[in-house]
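Each chain is listed here by its residues.
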Amino acid sequence: MRGKILLLEDDINLSDTIAEYLEEEGFEVESVYNGQEALDRIYERNYDLLLLDVMVPGIDGFALLKEVRKHTDTPAIYITSLDSVENLEKGFKSGADDYIKKPFVLKELLLRIETLLRREYGKKEQIEIDEKNYFDLATDTLYHEGKRINLNQKELALLKLFLKHPNEPLSHEKIHETLWGYDEEPSDMALRTYIKNLRKVLGKKRIESIKRYGYKFVK
């Protein structure tokens, strides 16, 4: 999985088209159709990026992102038919990172998403973990001594969470939410297996266990 995206778009056909395209490109997409539902999801869950229409039922996109920015700096792109300079200015002042006008080419949207996500990882194509290991952002691939390491989707999501929060204690709850969300039952046994597999490659000291709390990725 290349990242988890929340898509707010009240045109169901357009929403389905965008979601299907991005899922084919390796992203996980959650679609919602009104501003209040989007706000509730953002408060409940972790996303790598927000795609927000402006003219939607309930809370409009501008007001929604302004409220969201009080709590998180998750990258956000407006997708809207509003194209005046005033609306453009309002969009960026509300906290948007980018703005794309309808109708748009899906490939352009993908390129904008990839650019923002790279920026989140320090504007680099690769993250060097140590002299033996690095993570390629373009292909979502871990390399050990120049050799590609095959990770399952959960292990990949866990590694990306660690890389996004180096030297930061992460609770079991946050890790469970990232790996299983709210639709699957989390498994502590499976999590221990994923940690064990990552430690085999990165070294035991790279991922510290925090008793009765969670784990910390030491960078």
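Since this is a predicted model, take the numbers as computed values, not measurements. (Residues numbered from 1 in each chain as written. Predicted model: local features only at pLDDT ≥ 70, side-chain atom pairs only at ≥ 80, totals over all residues. Heavy atoms only, no water.)

K.L.:
Could you clarify how one ought to interpret helix H3 (residues 61-68) in this entry?
P.N.:
Since one α-helical turn is 3.6 residues long, residues separated by three or four positions face the same way. By the burial criterion, the buried members of H3 are Gly61, Phe62, Leu64, Leu65 and Val68. For H3, the buried positions fall inside an angular range of 165° around the axis, keeping them on one side. One side-chain oxygen at the N-terminal end of H3 lies 2.9 Å from the backbone nitrogen of Phe62; it belongs to Asp60. (Buried < 20%, exposed > 50% of the residue type's maximum accessible area, 1.4 Å probe, protein only. Helix = DSSP H or I, 4+ residues; strand = E, 2+ residues; numbered from the N terminus. Arc of directions from axis to C-beta. Polar contact = N/O pair within 3.5 Å; in protein donor to acceptor, adjacent residues only side chain to side chain.)

K.L.:
Mind showing me how you'd approach the nonpolar core here?
P.N.:
As a rule of thumb, nonpolar side chains are buried together in soluble globular proteins. Ranked by size, the top nonpolar core spans 26 residues in total, and within it Phe135, Leu158, Phe162, Ile175, Leu179 and Leu191 carry the most contacts. Listed by contribution, the elements that provide at least two residues to this core are helix H6 (153-164), helix H7 (172-180), helix H8 (188-202) and strand S12 (214-217). If near-sequence neighbours (up to four positions away) are discounted, Leu179 is found in contact with Lys154, Ala157, Leu158, Glu184, Leu191 and Tyr194. (Core = buried A, V, L, I, M, F, W, Y, C linked by side-chain atoms within 4.5 Å. Contact = heavy atoms within 4.5 Å.)

K.L.:
Is there a simple way to think about the pattern of salt bridges in this case?
P.N.:
It is possible for side chains of opposite charge to pair when their charged atoms get near one another. Overall, the coordinates contain 16 salt bridges when judged by the stated rule. Across the pair Asp98 and Arg112 runs a salt bridge, and its minimum N-O distance is 2.8 Å. Separated by 14 residues along the polypeptide, Asp98 in strand S5 (residues 98-101) and Arg112 in helix H5 (residues 106-120) bring together distant segments of the chain. Judged by relative accessible area, which is 16%, Asp98 ranks as buried. Taking relative accessible area as the criterion, Arg112 reaches 23% and is therefore assigned partly exposed. Its salt-bridge partner being Asp130, residue Arg206 comes within 2.8 Å of it at the nearest N-O pair. (Salt bridge = Lys/Arg side-chain N within 4 Å of Asp/Glu carboxyl O.)

K.L.:
Can you help me understand unusual backbone geometry in this one?
P.N.:
Excluding glycine, residues mostly carry a negative phi; peptide bonds, for their part, are mostly trans. The omega torsion across Lys102 and Pro103 is -10°, close enough to zero to call that bond cis. Inspection of the secondary structure assignment puts Pro103 in the loop between S5 and H5. We note that Asn167 has phi near 60°; this positive angle belongs to a residue other than glycine. Since its relative accessible area comes to 41%, Asn167 is described here as partly exposed.

K.L.:
Quick question: what am I supposed to make of the packing of helix H2 (residues 35-44) against H3 here?
P.N.:
A packed helix pair is summarised by two numbers, namely the angle formed by the two axes and the spacing between the axes. As a packed pair, H2 and H3 sit with axes 10 Å apart at the nearest point and diverge in direction by 20°. With respect to H3, the axis of H2 lies roughly parallel. Judged by the sense of rotation from one axis to the other, the crossing of H2 with H3 is right-handed. Across from Gly35, Ala38, Leu39, Ile42 and Tyr43 in H2, the residues of H3 making contact are Leu64, Glu67 and Val68. Within the contact of H2 with H3, the residues separate by chemical class into six nonpolar, one polar and one charged. (Axes fitted to C-alpha atoms, helices over the stretch in contact; angles between N-to-C directions. Parallel < 35°, antiparallel > 145°, perpendicular 65-115°, else oblique. Left-handed = near helix turned anticlockwise from the far one by under 90°. Nonpolar A, V, L, I, M, F, W, Y, C, P; charged D, E, K, R; others polar.)

K.L.:
So what exactly am I meant to see when it comes to the packing of aromatic side chains here?
P.N.:
One pair of aromatic rings is described through two measures. These are the centre distance and the angle between the planes. A complete count under the given rule lists five aromatic pairs for this structure. Connected via pairs of aromatic rings, a cluster forms that spans Phe62, Tyr78 and Tyr99. (Phe/Tyr/Trp six-rings, centres within 6.5 Å; stacked < 30°, edge-to-face > 60°.)

K.L.:
Would you take a moment to explain the pairing of strand S4 (residues 76-80) for this structure?
P.N.:
Side-chain positions along a regular strand alternate between the two faces of the sheet. Counting buried positions over the five residues of S4 gives five, a clear majority of the element. Covered by surrounding structure in S4 are Ala76, Tyr78 and Thr80 together with Ile77 and Ile79, the residues of both alternating faces. Judged from the three bridges that link them, strand S3 (residues 49-52) and S4 form a sheet pairing that is parallel. Within S4, the residue paired with Leu51 across the bridge is Ile77. One crossover worth recording links S3 to the parallel S4 by way of H3, and it is right-handed. (Pairing = 2+ DSSP bridges. Right-handed = clockwise from strand over helix to strand, strands pointing away.)

K.L.:
Sorry if this is basic, but what is going on with the sheet that holds S4 here?
P.N.:
As summarised here, the arrangement of the five strands in space is S2-S1-S3-S4-S5, forming an open sheet in which the pairing is parallel. Each edge of the open sheet is held by one strand with a lone partner, namely strand S2 (28-32) and S5. Each adjacent strand pair in this sheet contributes to an overall mean axis angle of 20°, direction not counted.

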